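Below, each chain spelled out in residue letters.
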Amino acid sequence: MDFNLMNLTSHAEDEKEHHPYKVVILGSGPAGLAAALYAARAELNPLVLTGMELGGQAALTHTIENYPGFPEGVGGSQLGELFQKQAERFGARVEFDIASRVDLSKRPFVIETESGQEIKAQTLIIATGASPNHLNVPGEKELTGKGVSYCATCDGWFFKDKEVVVVGGGDSALEEGIFLTRYATKVTIIHRRDTLRAGAILQSRARSNPKIQFIWNTVVTEILGEDAVKAVRLKNVVTGEESTFSTDGVFIFIGHKPNTQLFHGQLEMDEGGYIITDKKMQTSVPGVYAAGEAADPIYRQVITSAGMGAAAAMQAAKFLEEHD
């Protein structure tokens with residue numbers, strides 16, 4: 001190759017590097033990868049920045065049994081890999097990188113990443129998910145997926161005819177605790193106060209359920225076990241008394257925190273930090289869409305997140321047709 005041709009090739013590659021992507025997707029959970037699939041099939045060649053975890057929270061679930069098409073269930077990480085493979089088949093590009101800063105003040109939008117990239121996007125789909133609040137006690141991280149869970153709908157079946165504890169006192173804790181009575185022989189709800197924060201109807205249902213008991217004014221200070229949860233160490237916050245309580249599982253429901261810090265001051269959010277969207281997944285900034293748990297404080301399921309991601313990609317394609 002002669003010198004002039006080399007310069008032309010280099011210049012073309014440089015232009016390609018700085019040319020805005022039609023669609024950039026932040027997050028690689030069910031919402032992000034479903035959006036990638038739909039955007040790729042629309043020949044928009046989307047770029048997916050995976051974030052911290054390929055597959056999102058779903059990848060942390062040992063077996064997902066409520067996603068259509070898998071009658072025997074499917075591993076969370078395996079499902080994420082299948083989502084990725086299908087999106088890439090149609091032209092999606094998946095990069096293991098994390099957005100560290102975004103500028104949504106004008107199009108093309110600018111995304112800076114932890115690896116030092118500066119990426120421009122004509123449309124942006126935010127699928128950064130949410131993270132469950134953790135107790136941050138010894139044993140919690142080590143036993144996650146081995147008896148420690150943040151999703152009764154996902155993992156409740158594995159505790160059939162076993163005893164579990166639920167940590168929390170709000171609506172989610174009681175809803176999930178009541179759900180777990182379908183499988184567990186006993187559900188013990190541990191709450192740091194002597195009154196619940198949940199709604200009156202949920203409180204009534206929980207109190208009247210013969211499988212549910214309560215431990216009040218108490219916090220979990222440690223989760224015990226090696227290959228599986230065996231017990232929790234408890235401390236009464238009033239008396240200071242400590243004790244050990246045997247259990248087969250620990251379900252933690254002390255709230256979720258949406259991973260939306262990057263967008264504070266740029267997008268409209270509710271008081272919980274969830275991005276506000278309309279029925280078409282559109283945010284307060286034209287050309288920016290949100291899907292999955294970053295915008296969903298209610299359902300937080302694989303199937304609903306995937307549906308939101310598909311809808312966001314369809315709207316992004318329509319937006320590009322109308323504006324570009």
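Source: prediction; values computed, not measured. (Residues numbered from 1 in each chain as written. Predicted model: local features only at pLDDT ≥ 70, side-chain atom pairs only at ≥ 80, totals over all residues. Heavy atoms only, no water.)

Draft legend 1. Region of the structure containing the domain arrangement of the protein chain. Taken domain by domain, the protein chain holds domain 1 (21–131 + 256–322) and domain 2 (134–252). With centres defined by C-alpha atoms, the gap from domain 1 to domain 2 works out at 31 Å. Summed over both partners, the interface of domain 1 with domain 2 buries about 640 Å², with 48% contributed by carbon and sulfur atoms. Our count for the contact surface shared by domain 1 and domain 2 stands at zero residue pairs in polar contact (both at pLDDT 80 or more). Split by residue class, the side of domain 1 that touches domain 2 holds no nonpolar, four polar and two charged. (Domains from an automatic or database assignment. Buried area = accessible area lost by both parts, 1.4 Å probe. Polar contact = N/O pair within 3.5 Å; in protein donor to acceptor, adjacent residues only side chain to side chain. Nonpolar A, V, L, I, M, F, W, Y, C, P; charged D, E, K, R; others polar.)

Draft legend 2. Spatial organisation of the packing of aromatic side chains. If you walk through the whole model with that rule in mind, you get seven aromatic pairs. Seen in terms of ring centroids, Tyr67 and Phe70 are 6.4 Å apart; in terms of plane orientation they differ by 40°. Their pairing is tilted. Judged by relative accessible area, Phe70 falls into the partly exposed class, the value being 25%. With centroids separated by 5.7 Å and ring planes inclined at 85°, the aromatic side chains of Trp157 and Phe158 adopt a geometry described as edge-to-face. Residue class for Trp157 comes out partly exposed when judged on its relative accessible area of 45%. Owing to a relative accessible area of 28%, Phe158 belongs among the partly exposed residues under this scheme. (Phe/Tyr/Trp six-rings, centres within 6.5 Å; stacked < 30°, edge-to-face > 60°. Buried < 20%, exposed > 50% of the residue type's maximum accessible area, 1.4 Å probe, protein only.)

Draft legend 3. Examining the state of the cysteines more closely. All chains considered together, the criterion is met by one disulfide. Shown here is the disulfide that connects Cys151 with Cys154, its sulfur atoms set 2.2 Å apart. Around the S-S axis, the bridge from Cys151 to Cys154 shows a dihedral of about 75° and counts as right-handed. Overall, the relative accessible area of 14% leaves Cys151 in the buried class. (Disulfide = S-S within 2.5 Å.)

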